[in-house]
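Residues per chain, in single letters:
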Amino acid sequence: MSWGEGIASRFKPGDKVHVAARYPVRGHIRTPFYIRGKTGVVERICGQFHNPEELAFGKYDGPEKVLYRVRFDQKHVWPDYRGGPSDKVEIEIFEHWLEPAK
Amino acid sequence: MSDTPHRMHHDMGGQPAGPVGPSEHEIEPWEKRIEAILRCMQLRETPIVTVDELRRGIEELPTTLYDSLTYYERWIASLTNIVVEKGVLTRAEIEQRMAAIKAARAKEAA
C-alpha cells in the first residue's frame, strides 16, 4: 500500500507545481505566506481530507480535497539562505492551492 | 495602493525575529482544562467546535491581543468568540457562570 493509492488526484509524485499567489485577508489558510508563488515538486500524495478553510467556518460536510507533500529548494524559497545548495523544505499543501508549473 | 501581498499577522514564518526561547513550564491545571474542553467540543458525532474553528478564531484576534496573550489564553479568547458566534452560548451566560463559580470558590475559601 503506497501513499495516495486509489485517490483521484490532479497531480502525481514528480510533477512540478506552482503555489497560487493568493493572499486572503481572513479565514484559516494552511498554505504558509512564505511559500505562495513558489514552485516545487510533488513528493507524495498524503491523502484526502475535508477542507480546513471550510471546517474553520463550521462547514463540516464539504468535499474532501487531496493533500500533497511538496518539496521546494531552500535556495528558491529564501533568496538569502546560507545552508547547503541541495537543502529542501517540504510543505503539505491542498490541491486547490496548486497549479501546474511550466 | 500598495502592491505588497497581504500577510495575516499569525502567519509569521520567515519574518525577522529574535531567537526562540526554549524554556519550558509546567502545564497549569487550567491549561489542561482548556485542552479537555476543546476535545469534548470536537470529539462528538457533530462537533460543536473543531480545531480548525479554534485556529481561525485565534487568527482573527486583533494583532495586539494576539501578541499579548499566552498560548492557552488565545484558546480561551477564540473558544469564547466561536461559541458566541455560533449561538451555542451568549456572553451573558458565560459571564453569569463565571460569576457563580467565582462566588462558590470565595465561599469555599472563607
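Residues numbered from 1 in each chain as written. Chains lettered and ligands numbered in written order. Predicted model: local features only at pLDDT ≥ 70, side-chain atom pairs only at ≥ 80, totals over all residues.

Novice: Sorry, what's going on with the sheet that holds strand β4 (residues 88–94) of chain A here?
Specialist: Sheet strands associate in pairs through backbone hydrogen bonding, adopting either a parallel or an antiparallel arrangement. Residues and elements named next belong to chain A. Reading across from one edge, β4-β3-β2-β1-β5 is the order of the five strands in this open sheet, with antiparallel pairing throughout. Edge strands, defined here as strands with exactly one partner in the open sheet, are β4 and β5 (98–100). Ignoring strand direction, the axes of neighbouring strands in this sheet form an average angle of 40 degrees. (Pairing = 2+ DSSP bridges. Helix = DSSP H or I, 4+ residues; strand = E, 2+ residues; numbered from the N terminus. Axes fitted to C-alpha atoms, helices over the stretch in contact; angles between N-to-C directions.)

Novice: Just to check I follow, could you spell out the interface of chain A and chain B for this structure?
Specialist: By a frequent convention, interface size equals the accessible area lost on bringing the separate parts together. On the chain B side, the residues contacting the 14 residues of chain A number 14 residues. When the residues that make up the side of chain A that touches chain B are grouped by side-chain class, the tally is 11 nonpolar, three polar and no charged. (Contact = placed C-beta atoms within 7 Å. Nonpolar A, V, L, I, M, F, W, Y, C, P; charged D, E, K, R; others polar.)

Novice: What should I look at first to understand the confidence of the model for chain B in this one?
Specialist: Parts of the prediction with low pLDDT should not have their coordinates interpreted in detail. Model confidence for chain B is summarised by a mean pLDDT of 93, while 98% of its residues fall at 70 or above. Both scores are given for the predicted complex: the pTM is 0.88, the ipTM 0.87. (pLDDT = per-residue confidence, 0-100.)

Novice: Would you mind going over the environment of Leu-65 of chain B with me for this structure?
Specialist: All names here are of chain B. Relative to the assigned elements, Leu-65 resides in helix α3 (residues 63–68). Owing to 11 C-beta atoms within 10 Å, Leu-65 belongs among the exposed residues under this scheme. Along the backbone, Leu-65 and Thr-50 are 15 residues apart, and their C-alpha atoms lie at a distance of 22 Å. (Buried ≥ 20, exposed ≤ 12 C-beta atoms within 10 Å, placed from the backbone.)

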